[in-house]
Amino acid sequence: MTDKPGAGETTDAKGIPRRSSIIKDGSRAGRERKKTVSFSSSLSERKISSAADCISAMMEGTEFRKVRSNSRVYQRYYLLESGLQALRWEPSKKESDKACIAVPSIREVRTGRNTETFRTNGVYDQISEDCAFSIIYGETYEALDLVANSAEVANIWVTGLRYLILYGKHAIDMMASSEDSLRLAWLAETFSSMVVSDGQGGGEEVGISLRSAVGLIRSVNPGVRSEKVEHRFKELHRVKERMNGDRVTKEEFIEVFHDLCTRPEIYFLLVQFSSNKEYLDTKDLMRFLEVEQGMTQVTEDTSLELIQSHEPSEEGRRQGCLSLDGFTRYLTSLECHLFDPEHSQVCQDMSQPLSHYYINSSHNTYLIEDQFKGPADITGYIRALKMGCRCVEVDVWDGPSDEPMVYTSHTLTSPVKFHCVLDVIGRFAFEASEFPLILCVENHCSPCQQRVMLQHLRRILGERLYTKPLREGEVYLPSPNALRGKILLKGQKLEEGCGGAEGDVTDEDEGAEMCQRMKLLKELSDLVTLCKSVRFTDFQMSFSIQKPWELCSFNETLALRCASERPGDFVNYNKRFLSRVYPSAMRIDSSNMNPQDLWKCGCQIVALNYQTPGLMMDLNIAWFRQNGNCGYVLRPAIMRQEVSYFSADTRDSVPGVSPQLLHVKVISGQNLPRPKGSGAKGDVVDPYVYVEIHGIPADCAERRTRTVMQNGDNPIFDESFEFQINLPELAMVRFVVLDDEFIGDEFIGQYTIPLECLQPGYRHIPLQSLMGEDLPYAMLFVHVALTNRRGGGKPYKRGLSVRKARRGRDYAALRDLGIKEVDEVFKMAGPQLKEATDLRENMQNSVAVFRELCGVSAVANLMQCVLALGSRVVGADGDPLMLFELREQYPSMEPQGPLPDVLRRVVSTYETMIQASRAVMELSDGVYDRILQIQTTAMKFHETLHSIAVKEGLKDRKVTRAVESFSWNITILKGQADLLKRAMTEVQENMKQVHYAALTSNLSKGVTGEATRPRRSLDTIQERATTPARGSP
């Protein structure tokens, strides 16, 4: 029979293109439905939780796609022989005794698309990373590259094969002995204790009541519904034809527990780090915490503490072992939350000028429904202030009985007394945050009622009102630190020199079409010091005459026009001045604008309608969570530096900022509820997940998983996505879970998080409702990693040699100003920038090539690379074929005899990586100093640049372009210098990881990891091996 190529896998590799409407308002109406269905749920019914389960499935056989070079793909049926000694496949043109691989000849089982055949095959992008794996076998390290129909099938075969490799002919005995596991012992003990407390007599043979059994399982897995547990027990009784259905035996309890509380995806993860044991010991757990979770300062004591906290069985705690159930408890605990706990407290520099921060802001805070006829209530202020809002709005008008009232003019909204609003603000102003509260007072009152306003403000807020003006010559506002506990009034202010008791100002009514003049009391005017309201005319006038304490309020429409037509000017304007943006008057339904459209321009105060849930409030709440929810977030450095270039509408990389690659694997979901507004549909859902990136235009993207049919309890998605992030400081990630077969409502839950707050590794995400409340026990399980984009190449491009990468490399380009003496200075930077780029990218590319030859994924670090080599470099006599010499400044890889070709390539690539790393450490300081010297020389022209340009004969737009080019060049110089310093830090970390992994894998020359490695963390390895010639950066 001749082989016929089959069709390549047709997974949705590219996903659905992002629609701007989705990013703007979150509406998914009218979206093209590109529905794919996962059939992996059929296997999840088997609840794989042991090597025996995996090997049993392998003996039944599975159909795979076999990938060969030149885009050839074949359908084959693979099975494990009953003796567990050979792997066979059919059909094949080979003789039956040759269409097999002997298990003892297998050297390695490699996950993902991480062999030369996968990388060079024309169908690479059509193959799911999570469904692919390779069997490396024989003396010449041949590879059998396979693609499964689901990630779960691939996991079963990878786990089973690794078990067979580890235990060989003793595998059957090992499987038999593993039956008496920690889990079974713990469940038996738990059941026995319930028999005693049940008080029915008769012992374990009689069992416990059905109600007690249901409660016992829900005490371990509270997310599972009681009805489902009870139904499963009754179903089991029917199968066994038991008459006494209200009692549960120990065997029945263990079977149902296994069925409802086992998560196969966590089992596969456990055996990956436990060498196929049924538990993690302290060393296994240390490796998992350091390699995957990114933890530092990990010791065996750290592992023991985690085991004591999360392992349910007394025997496991005593032996220092973490069982599957303990591992599940740990991964679902707060310690493995996606949100970095460091950001739960104030963690940013709070000593910079107020204009350098985004400020959490509310629009028409007193309204709790729509803008036209909704009621006003003090609860709006309470809710906003408790959520960390630092800028609230008070729209004050004349009221009856000389009592000012708060409401929206020209509408049917109900009023609330001004002093009641101040009472609430006085009580809750600093409950959630100690940093300054801005009180936007839109004063429309007569002088008579302004006096009442003044009395209330002084009586209720008193000394908390900040009334000190800026000192003469100060060009920036005070910092949040300097203003802690203070309330700043934003409002109209009389011009300096006004000697009377009152004067004329312009009415600030946001809804009015024409400006009107009104009287303002001087005493009330004097309370406004740092936030004087002024009208915006244009950027040129603002740059010329606006004072630091003056604040412009932009209508949404005007702000978006400025962002579109003058994005660079808008960013520069916001470096010195505060700007406030409020929603368009057309939003009478209290809908919200997208705050990121204004944040990317540097607008500090983007006022949102807090009473309206949805995507925009999700973004706002998540954004301000990153700094202890204190209401202030430091803006990206490129938006704060006096001389820097950034355009808000950029659709490419940002000058001076290194793009990052975000790798997200959506593994599974747990306890997903039915959509709240879903009509007559039952409790079953068909979930799928969107991963959205929100940020500058170049970063906005979204990808979706396939649909898992009729499974909200534990749907397995196992899909990986990759996103390039050009401005990480302004990016957010949003996970949205939807129901594919919905009636009336598809929304299940969401979670939004700033990129800066992501914790790497395996993490659980607590899902939230449309109103922002946590959904009980509803979670997503994901793996997250952030890596550098490989220099000069596209994010998906693989297999580049350093030489090829250099030929296609893009170097940072400086711009000509048209001013000879300034251009001469910048021209000196050309060779230095080229050398800096070559040093950095040669190192990063050599690491990427070494990673590929080690057969690990693109998100793996060098520690994982060396650990992966551990099994591959063992010779026939059990001795390693190569070792690391760790006593040198840079660890070298030394062969211990003749090497096969594939390992010679590994050694050669490692040497190239070390040479590139050494060059970074030895040459970077000099290049860095020369770049900074050129930057310092260029900055001497900054103050007089405009006059020099005029002398050179430049006029109008050419002068503006020259100033813009100057900022661009300074940004490039500073950014490239910073990237070079970061590369030095990266080399230091890489060398520490090689050192650590060589000890752990017993691949260090003359010593073994067990004999010499103290119980210490990666961070404590001596710095001597990586200290640069001129000191650490």
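Read on for an overview of the structure.

Cut-offs applied
Residues numbered from 1 in each chain as written. Predicted model: local features only at pLDDT ≥ 70, side-chain atom pairs only at ≥ 80, totals over all residues. Heavy atoms only, no water. Helix = DSSP H or I, 4+ residues; strand = E, 2+ residues; numbered from the N terminus. Buried < 20%, exposed > 50% of the residue type's maximum accessible area, 1.4 Å probe, protein only. 1 Å grid on protein atoms, 1.4 Å probe; cavity = no way out; pocket = protein on both sides within 12 Å on 5 of 7 lines; lining within 4 Å. Points joined across faces, edges and corners; volume = space filled by probe spheres on them. Nonpolar A, V, L, I, M, F, W, Y, C, P; charged D, E, K, R; others polar. Axes fitted to C-alpha atoms, helices over the stretch in contact; angles between N-to-C directions. Parallel < 35°, antiparallel > 145°, perpendicular 65-115°, else oblique. Contact = heavy atoms within 4.5 Å. Pairing = 2+ DSSP bridges. Phe/Tyr/Trp six-rings, centres within 6.5 Å; stacked < 30°, edge-to-face > 60°.

1. Notes on the overall build of the protein chain
Now for step 1: On a plain count of helices and strands, the protein chain comes out with 33 helices and 36 strands.
Now for step 2: Here the protein chain holds 1033 residues, and 57% of them are scored as buried.

2. Looking at empty space enclosed by the protein
Now for step 1: Summed over the entire model, instances satisfying the criterion amount to 3 cavities of 30 Å³ or more.
Now for step 2: Here the largest cavity is characterised by a volume of approximately 90 Å³.
Now for step 3: Surrounding the largest cavity, V441, N443, M453, L457, L489, K490, G491, Q492, L520, L524, S525 and V528 form its lining.
Now for step 4: When contributions to the lining of the largest cavity are tallied by element, the ones reaching two or more residues are strand 17 (437-443), helix 19 (447-461), strand 18 (487-491) and helix 20 (522-525).
Now for step 5: In terms of residue count, the dominant contributor to the lining of the largest cavity is strand 18 (3 residues).
Now for step 6: Taken together, the residues of the lining of the largest cavity break down into 7 nonpolar, 4 polar and 1 charged.

3. Focus on the packing of helix 27 (residues 820-827) against helix 28 (residues 829-854)
Now for step 1: In contact at an axis separation of 5 Å, helix 27 and helix 28 are set at 30 degrees when each is read in the N-to-C sense. One element, helix 27, and the other, helix 28, form an angle in the roughly parallel class. Contacts between helix 27 and helix 28 involve V825, F826 and K827 on the former and, on the latter, A829, G830 and P831.
Now for step 2: Split by residue class, the contact of helix 27 with helix 28 holds 4 nonpolar, 1 polar and 1 charged.

4. Comments concerning the environment of E142
Now for step 1: Its place among the elements puts E142 in strand 8 (residues 142-147).
Now for step 2: Taking the C-alpha atoms as reference, E142 lies 9.5 Å from I106; in sequence the two are 36 residues apart.
Now for step 3: Among all residues touching E142, those that are not within four sequence positions of it are I135, I136 and Y137.

5. Topic: the sheet that holds strand 6 (residues 106-111)
Now for step 1: The 7 strands are arranged 5-4-3-2-8-7-6 in an open sheet whose pairing can be described as antiparallel. Of all strands in the sheet, those with a lone pairing partner are strand 5 (100-102) and strand 6, marking the two edges. Neighbour to neighbour, the strand axes of the sheet diverge by 30 degrees on average, direction disregarded.
Now for step 2: By the bridge criterion, 3 bridges tie strand 4 (residues 86-90) to strand 5 in an arrangement that is antiparallel. Bridge pairing in strand 5 links R88 to C100.
Now for step 3: Running at roughly 155 degrees to strand 6, helix 5 (residues 151-167) makes contact with strand 2 (62-67), strand 3 (73-80), strand 4, strand 6 and strand 7 (132-137) of the sheet.

6. Considering the packing of aromatic side chains
Now for step 1: On inspection of all chains with the given rule, the structure shows 34 aromatic pairs.
Now for step 2: Centre to centre, the rings of Y163 and Y167 are 4.7 Å apart; their planes meet at 55 degrees, and the pair counts as tilted. Placement of both Y163 and Y167 in helix 5 is noted, with a separation of 4 residues, approximately one turn of the helix. Of the two residues, Y163 and Y167, neither departs from the other in class, the shared state being buried.
Now for step 3: The interplanar angle of 50 degrees and the centroid separation of 5.5 Å between the aromatic rings of F539 and F570 together place this pair among those described as tilted. Of the two residues, F539 is situated in helix 21 (residues 539-545) and F570 in helix 23 (residues 567-576); the sequence distance between them amounts to 31 residues.
Now for step 4: With a relative accessible area of 4%, F539 lands in the buried category.
Now for step 5: Classification of F570 as buried rests on a relative accessible area of 0%.

7. As for unusual backbone geometry
Now for step 1: Here E90 and P91 are connected by a cis peptide whose omega angle stands at -5 degrees.
Now for step 2: Relative to the helices and strands, P91 resides in the loop between strand 4 and strand 5.
Now for step 3: Of note, the phi angle at Q297 is positive, near 55 degrees, even though the residue is not glycine.
Now for step 4: The topology assignment puts Q297 in the loop between helix 13 (282-291) and helix 14 (300-310).
Now for step 5: The class of Q297 is exposed, set by a relative accessible area of 59%.
Now for step 6: The residue N364 is not glycine, and still its phi comes out positive at about 45 degrees.
Now for step 7: Note that N364 resides in the loop between strand 13 (357-362) and helix 17 (379-386).

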